[in-house]
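Structural overview for review
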Amino acid sequence: MTDLDAFARASLDGYLALVREHESTLTALDEQSGDGDFGHNLSHGLERAASRAAGAPDSEVWRSLATAFLDEVGGTSGPLFGLLFQAIARAADHASTPAEAIGNGSRDGLAAVQRVGEAQVGDRTLVDALQPAVDALAAEGDLDSAADAACRGAADTARLRARMGRASYVGERAVGHPDPGAVGIAMLFVACAQATGSEPPGAFGELTGSR
Ligand code: ADP
Ligand code: MG
């Protein structure tokens, strides 16, 4: 197993653990702004990915995530997360460090997510967490900065009125709570940073209400 393969397994394990711990928070956030299925969509996708990855070679962990979300997860978010994981899988094949894999993969994944979903920063979607993480990786080149930027971006969605997706139908009702998809993306970057031995950033506690 290479260091990058071990990183992929640790990221999946850590992400699954974080989402299991906070699934009810994600569900409650999607009840405020949508239909309440996001917590289940994300945890179900990660459980299916873990099951696929358990029987796959170490080098296939990111692809297990991609196929699980693309083939088995509904909602708007399922295919979008699948596209992100697919881009990370491709980038990891050519990367020499975790930060390079996630930096190039999340940049290409963001482009794919925007190609199909057309959301921009400020629309109150998962792009509000993903874009700052991509920018932090390009500028700083480390996963801790990306996790911090993703958490801050997700927290900032609490003041936004949605312009995309189901949340746009409920208008002001969701304001005051962060966007569930953005929080889900922040958890991915926290899990990746934790997989390299880091503590979660302070901004993560604000998102999950645990600090
Ligand atoms: P649904 O609204 O179909 O129930 P989910 O609950 O699975 O979808 O996912 C909701 C999340 O999807 C939102 O919190 C938001 O972050 C994200 N989302 C919705 N529309 C878009 C879009 N066009 N681009 C990016 N993300 C989006
Ligand atoms: Mg939903």
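Description of the structure in this document. Remember, it's a predicted structure, so these values are computed and weren't measured experimentally.

Focus: the coordination of the magnesium ion (ligand 2)
- Donor atoms from the polypeptide that coordinate the magnesium ion (ligand 2) comprise Asp-30 (OD), Asp-35 (OD) and Asp-37 (OD), at 2.0 to 2.3 Å from the metal.
- For the magnesium ion (ligand 2), the single-chain donor residues occur in sequence as D-x4-D-x1-D.
- Residue classification places Asp-35 among the partly exposed residues on the basis of a relative accessible area of 38%.

Some remarks on the site of ligand 1
- The environment of ligand 1 is made up of 20 residues, and the closest members are Asp-37, Asn-41, Thr-76, Ser-77 and Asp-179.
- Coverage of ligand 1 by the protein chains reaches 93% of its 570 Å² of free accessible surface.
- At the level of secondary structure, the elements contributing two or more residues to the shell around ligand 1 comprise helix H2 (38-54), helix H4 (77-93) and helix H8 (180-195).
- No other element matches the 3 residues that H8 contributes to the shell around ligand 1.
- Broken down by class, the residue content of the shell around ligand 1 amounts to 7 nonpolar, 8 polar and 5 charged.

Examining the side chain of Ser-11
- Along the chain, Ser-11 turns up in helix H1 (residues 3-33).
- On the basis of relative accessibility, which here comes to 1%, the residue Ser-11 falls in the buried class.
- If we skip the residues at most four places from it in the chain, Ser-11 touches Trp-62, Ala-191, Cys-192 and Ala-195.

The rules behind the values
Residues numbered from 1 in each chain as written. Chains lettered and ligands numbered in written order. Predicted model: local features only at pLDDT ≥ 70, side-chain atom pairs only at ≥ 80, totals over all residues. Heavy atoms only, no water. Donors = N, O, S within 2.8 Å, 3.2 Å for Na, K, Ca; no water. Buried < 20%, exposed > 50% of the residue type's maximum accessible area, 1.4 Å probe, protein only. Near = heavy atom within 4 Å. Areas by Shrake-Rupley, 256 points an atom, 1.4 Å probe, with all protein chains shown as cover. Helix = DSSP H or I, 4+ residues; strand = E, 2+ residues; numbered from the N terminus. Nonpolar A, V, L, I, M, F, W, Y, C, P; charged D, E, K, R; others polar. Contact = heavy atoms within 4.5 Å.

On their own, these measurements won't tell you what the molecule is for.
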